[in-house]
Amino acid sequence: ILRGEETTPHQRPYMTSLQVAGEHICGGFLISDQWVLSAAHCLEDVGNETLQVLVGAHSLSEPERNKRLAGVQELFPHPNSSAGNPHDDLLLIQLKEKVSINSDVQFLAFQRQDRDVPAGTPCEVAGWGIISNTGKRPDKLHQVELAVLSRATCNTRTHYDGAVTEKLMCTESKRKDSCKGDSGGPLVCNGVAEGVVATGSRICGNWKKPGIYTRIGPYVTWIESVLAGAHR
Ligand SMILES: NCc1cccc(Nc2n[nH]c3ncnc(Nc4cccc(O)c4)c23)c1
């Protein structure tokens with residue numbers, strides 16, 4: 001998160017840190033007591049190592065009352081996701097056990113209607129991604145408020161030149177922005193998850209390369225089918 005602020009501890013109890021060998025690699029968020037939604041591209045950093053999901057955390061390093069490292073039962077990247085492809089960049093993670101819900105561990109509602117968030121709407125994104133262009137990694141959760149940018153503006157030649165489809169959305173990125181390590185986290189507008197941080201151009205904080213988010217509304221049928229079809 002560039003040019004945001006430290007979150008008030010445990011004010012975003014749906015936030016998870018995807019970890020490999022104890023290291024934060026991506027964001028994600030609880031959509032139920034056993035399921036996390038994140039970005040498929042996050043798996044590119046995993047290889048054949050063990051992925052774990054940290055819930056209930058504010059600090060990545062300090063002991064906290066409701067902090068738990070959950071194991072992964074099964075991974076469900078969107079079937080049309082692929083490396084280098086910005087589309088369908090979603091990942092559903094089934095946890096090995098149901099997490100106990102408490103003041104620091106909650107799930108977040110996601111938008112079920114396939115309808116664009118109006119341009120200018122203030123949304124928030126949080127994460128443990130880098131907080132400076134030099135790559136400084138925070139120990140504590142950070143957040144920033146970003147306004148939705150119209151797809152028309154996001155698709156101009158100086159921006160993404162038509163690459164932003166109706167299943168993607170953009171936010172302004174003038175200085176304040178999501179960045180490396182925030183991928184997979186939720187874009188929250190009016191208390192509802194409307195999008196998931198996509199890597200897009202990888203560039204952060206440059207107004208000509210707005211932040212790109214995978215809209216959740218168009219994927220509700222897929223999400224419901226995975227949750228219904230999985231076992232255990
Ligand atoms: N807001 C867009 C966005 C969302 C999520 C991730 C990303 N960036 C990145 N995703 N993956 C990456 N691997 C290497 N470098 C990266 N960005 C980077 C690193 C240092 C300085 C800087 O200005 C940008 C990224 C960018």
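Going by the structure above, here's the rest.
Note that the coordinates shown come from a computational prediction; the quantities given were computed from them, not determined experimentally.

### Comments concerning the overall build of the chain
Part 1: Secondary structure summary: the chain contains two helices and 13 strands in total.
Part 2: In terms of overall size, the chain behaves like a compact globule, its C-alpha atoms giving a radius of gyration of 16 Å where 232 residues would be expected to give roughly 17 Å.
Part 3: Seen along its three principal axes, the alpha-carbon backbone of the chain occupies a region of about 45 × 40 × 35 Å.
Part 4: Looking at the chain as a whole, 54% of its 232 residues qualify as buried.
Part 5: Summarising the internal contacts of the chain: among those between residues at least 6 apart in sequence, 70% fall at separations of at least 24.
Part 6: Here the chain displays about 10,700 Å² of accessible surface, and carbon together with sulfur accounts for 48% of that area.
Part 7: Positive and negative charge centroids in the chain, built from 24 and 26 side chains respectively, lie 3 Å apart.

### Some points on the site of the ligand
Part 1: Taken together, the neighbourhood of the ligand is formed by 13 residues, with N133, D177, S178, T199 and R202 sitting nearest.
Part 2: Take N133: an N or O atom from its side chain is 2.4 Å from an oxygen atom of the ligand.
Part 3: At 2.9 Å, a backbone N or O of R202 approaches a nitrogen atom of the ligand.
Part 4: For the shell around the ligand, the residue count by class is six nonpolar, four polar and three charged.

About the cut-offs
Residues numbered from 1 in each chain as written. Predicted model: local features only at pLDDT ≥ 70, side-chain atom pairs only at ≥ 80, totals over all residues. Heavy atoms only, no water. Helix = DSSP H or I, 4+ residues; strand = E, 2+ residues; numbered from the N terminus. Rg over C-alpha atoms; globule rule 2.2 N^0.38 Å. Buried < 20%, exposed > 50% of the residue type's maximum accessible area, 1.4 Å probe, protein only. Contact = heavy atoms within 4.5 Å. Areas by Shrake-Rupley, 256 points an atom, 1.4 Å probe, with all protein chains shown as cover. Lys, Arg positive; Asp, Glu negative; His and termini not counted. Charge placed at Lys NZ, Arg CZ, Asp CG, Glu CD. Near = heavy atom within 4 Å. Polar contact = N/O pair within 3.5 Å; in protein donor to acceptor, adjacent residues only side chain to side chain. Nonpolar A, V, L, I, M, F, W, Y, C, P; charged D, E, K, R; others polar.

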